[in-house]
Amino acid sequence: MVVGIIGLGLIGGSMAIDLKRRGYAEKIIGVESEPVNAEAALKMGLADEIVPFEDCVRASDIVVIAVPVGTAVKMLPEVLDIFSEEGNGRKIVIDTCSTKSQIVRVVHYHSMRGRFVATHPMAGTEYSGPWAAMPNLFDGRACIFANSEESDPQALKAVEALYDVLNMRPIYMNADNHDVHTAYVSHISHVTSFALALTVLDKEQDEKHIFDLASGGFSSTVRLAKSSSDMWVPILTQNRDNVLRVIDTYLEKMKEFRDAIADYDEKKIEELIAQANRIKKIIR
């Protein structure tokens with residue numbers, strides 16, 4: 001199996017490591033537009049070779065699009081166009097993007113739509129680039145398959161096997177529902193982390209105080225603020241409506257806390273915290 005990975009950052013690079021060392025891929029072909037990243041990916045052994053985009057698509061059995069979703073939406077039709085031009089009904093392309101509605105919609109009527117499997121491996125860190133790639137990143141995590149009924153059964157089965165090698169558990173979901181759920185459990189976490197970082201940086205001018213006084217709670221809460229804008233700007237704009245609804249709900253909850261604190265209402269504060277503590281039954 002020759003796997004082509006377009007974008008050898010955290011997700012693409014981590015996939016490359018485990019697909020190769022676990023025997024799924026005989027060869028990894030990479031595409032990297034940034035020369036420094038391309039050189040690093042080769043030196044780190046993430047790919048056997050770095051080639052231009054079109055060469056990668058033509059030489060690979062499975063193509064993995066692991067770039068920011070704004071780029072992926074433009075790239076996917078180009079990959080399927082090459083499949084169509086070659087008359088190759090056996091090749092497969094997948095994406096790893098955090099939003100699914102727009103990317104499935106853009107190729108809905110493409111003649112090679114069946115060769116595309118829309119996926120979202122729910123794993124990651126706040127770091128980016130080839131240096132962020134790591135083994136075992138996906139072990140035990142969920143992988144969302146969006147609108148899988150639109151993919152050819154053979155293509156779907158092959159991609160299920162790929163994620164099985166990565167030790168991921170599949171969850172099948174409608175693309176629109178996926179985007180609603182990720183707005184609540186992923187996207188809002190990043191927005192609040194960015195906002196908290198801006199709040200602290202704006203009000204605490206002495207960086208030494210931030211460094212000395214920041215506890216584990218602050219560090220874990222603001223960790224996501226290190227995430228790349230290249231990745232998160234297109235996610236938040238593509239999932240705009242869902243994210244705005246979640247932000248509005250979050251602001252309502254913040255106002256409840258603010259009002260209770262302003263009124264010295266200890267009973268209300270206790271009630272709000274007790275309600276929030278119910279999350280312990282879900283996340284341990």
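Here we summarise the structure given alongside this text. (Residues numbered from 1 in each chain as written. Predicted model: local features only at pLDDT ≥ 70, side-chain atom pairs only at ≥ 80, totals over all residues. Heavy atoms only, no water.)

Some remarks on the overall build of the chain
Right, so step 1: A count of helical and extended segments in the chain gives 12 helices and 8 strands.
Right, so step 2: Here the C-alpha atoms of the chain give a radius of gyration of 21 Å, agreeing with the 19 Å that 2.2 N^0.38 yields for 284 residues.
Right, so step 3: Based on the C-alpha atoms only, the size of the chain along its principal axes is roughly 70 × 40 × 30 Å.
Right, so step 4: Put simply, the chain has 284 residues, and 44% of those count as buried.
Right, so step 5: A separation threshold of at least 6 residues defines the contact pool for the chain, and within that pool the share at least 24 residues apart is 74%.
Right, so step 6: Accessible surface, the chain: about 15,300 Å² in total, of which carbon and sulfur atoms supply 55%.
Right, so step 7: With 31 positive and 40 negative side-chain charges, the chain shows a spacing of 5 Å between the two charge centroids. (Helix = DSSP H or I, 4+ residues; strand = E, 2+ residues; numbered from the N terminus. Rg over C-alpha atoms; globule rule 2.2 N^0.38 Å. Buried < 20%, exposed > 50% of the residue type's maximum accessible area, 1.4 Å probe, protein only. Contact = heavy atoms within 4.5 Å. Areas by Shrake-Rupley, 256 points an atom, 1.4 Å probe, with all protein chains shown as cover. Lys, Arg positive; Asp, Glu negative; His and termini not counted. Charge placed at Lys NZ, Arg CZ, Asp CG, Glu CD.)

So, unusual backbone geometry
Right, so step 1: The backbone of asparagine 167 sits at a positive phi, close to 60 degrees, despite the residue not being glycine.
Right, so step 2: Although it is not a glycine, tyrosine 264 sits at a positive phi angle of roughly 55 degrees.
Right, so step 3: Locating tyrosine 264 in the fold gives a position in the loop between α11 (240-262) and α12 (266-276).

Let's talk about the sheet that holds strand β2 (residues 27-31)
Right, so step 1: What the 8 strands build is an open sheet, ordered β3-β2-β1-β4-β5-β6-β7-β8; its pairing is mixed. One side of each edge strand has no neighbouring strand; the edge strands of this open sheet are β3 (49-50) and β8 (169-173).
Right, so step 2: Here strand β7 (residues 142-146) pairs with β8 via 5 bridges, running parallel. Directly across from alanine 142, in β8, lies its bridge partner arginine 169.
Right, so step 3: Each of β1 (2-6), β2, β4 (62-65), β5 (92-95) and β6 (116-121) touches helix α1 (residues 10-21); the most contacted strand, β1, lies at about 165 degrees to it. (Pairing = 2+ DSSP bridges. Axes fitted to C-alpha atoms, helices over the stretch in contact; angles between N-to-C directions.)

Focus on the pairing of β5
Right, so step 1: Of the two faces of β5, the one carrying Ile92 and Ile94 and the one carrying Val93 and Asp95 are both buried.
Right, so step 2: Pairing geometry for β4 and β5, over 4 bridges, is parallel. By the bridge assignment, isoleucine 62 is partnered in β5 with isoleucine 92.
Right, so step 3: Note on the crossover from β4 through helix α4 (residues 69-86) to β5: the handedness is right-handed.
Right, so step 4: As defined by bridge partners, β5 adjoins β6 across 3 bridges and the pair is classed as parallel. Bridged to aspartate 95 within β6 is alanine 118. (Right-handed = clockwise from strand over helix to strand, strands pointing away.)

Quick notes on the nonpolar core
Right, so step 1: Ranked by size, the top nonpolar core spans 35 residues in total, and within it Met15 and Tyr163 carry the most contacts.
Right, so step 2: Looking at this core, the elements that each hand over two or more residues are β1, α1, β4, β5, β7 and α6 (153-165).
Right, so step 3: Take this core: its biggest share by element is 6 residues, from α6.
Right, so step 4: Discounting chain neighbours no more than four positions away, the residues touching tyrosine 163 are Met15, Ile94, Asp95, Thr96, Thr119, Pro121, Cys143, Phe145 and Met168.
Right, so step 5: Core analysis: the second largest hydrophobic core is formed by 31 residues, Val31, Phe83, Val93 and Cys97 among them. (Core = buried A, V, L, I, M, F, W, Y, C linked by side-chain atoms within 4.5 Å.)

Some thoughts on helix α10 (residues 229-238)
Right, so step 1: Buried residues of α10: Trp232, Pro234 and Ile235, and no others. Down the axis of α10, the buried side of the element spans an arc of 165 degrees, and every buried residue falls inside it. Facing away from the buried side of α10, by more than 90 degrees, are the exposed residues Asp230 and Thr237.
Right, so step 2: With a side-chain oxygen lying 3.1 Å from the backbone nitrogen of aspartate 230, the N-terminal cap of α10 falls on serine 228. (Arc of directions from axis to C-beta. Polar contact = N/O pair within 3.5 Å; in protein donor to acceptor, adjacent residues only side chain to side chain.)

Observations regarding α11
Right, so step 1: Along its 23 residues, α11 runs 32 Å from first to last C-alpha, staying within 8% of the 33 Å computed at 1.5 Å per residue.
Right, so step 2: Within α11, burial applies to Asn242, Val243, Val246 and Ala260.
Right, so step 3: Of the surrounding secondary structure, the elements contacted by the buried residues of α11 are α7 (175-203), α10 and α12.
Right, so step 4: Looking at the residues trailing α11, positive phi occurs at tyrosine 264, about 55 degrees. (Expected span 1.5 Å × (residues − 1).)

Considerations on the side chain of aspartate 18
Right, so step 1: One can find aspartate 18 in helix α1.
Right, so step 2: Looking at aspartate 18, the relative accessible area reads 0%, which means it is buried.
Right, so step 3: Apart from residues no more than four positions distant in its own chain, aspartate 18 is found in contact with Pro135, Asn136, Leu137, Val165 and Leu166.

A short note on the environment of valine 69
Right, so step 1: Structurally, the position occupied by valine 69 is in helix α4.
Right, so step 2: Along the sequence, valine 69 and leucine 244 sit 175 residues apart, while their C-alpha atoms lie 19 Å from each other.
Right, so step 3: Leaving out residues up to four positions away in the same chain, valine 69 has contacts with Cys97, Thr99, Pro234, Ile235 and Gln238.

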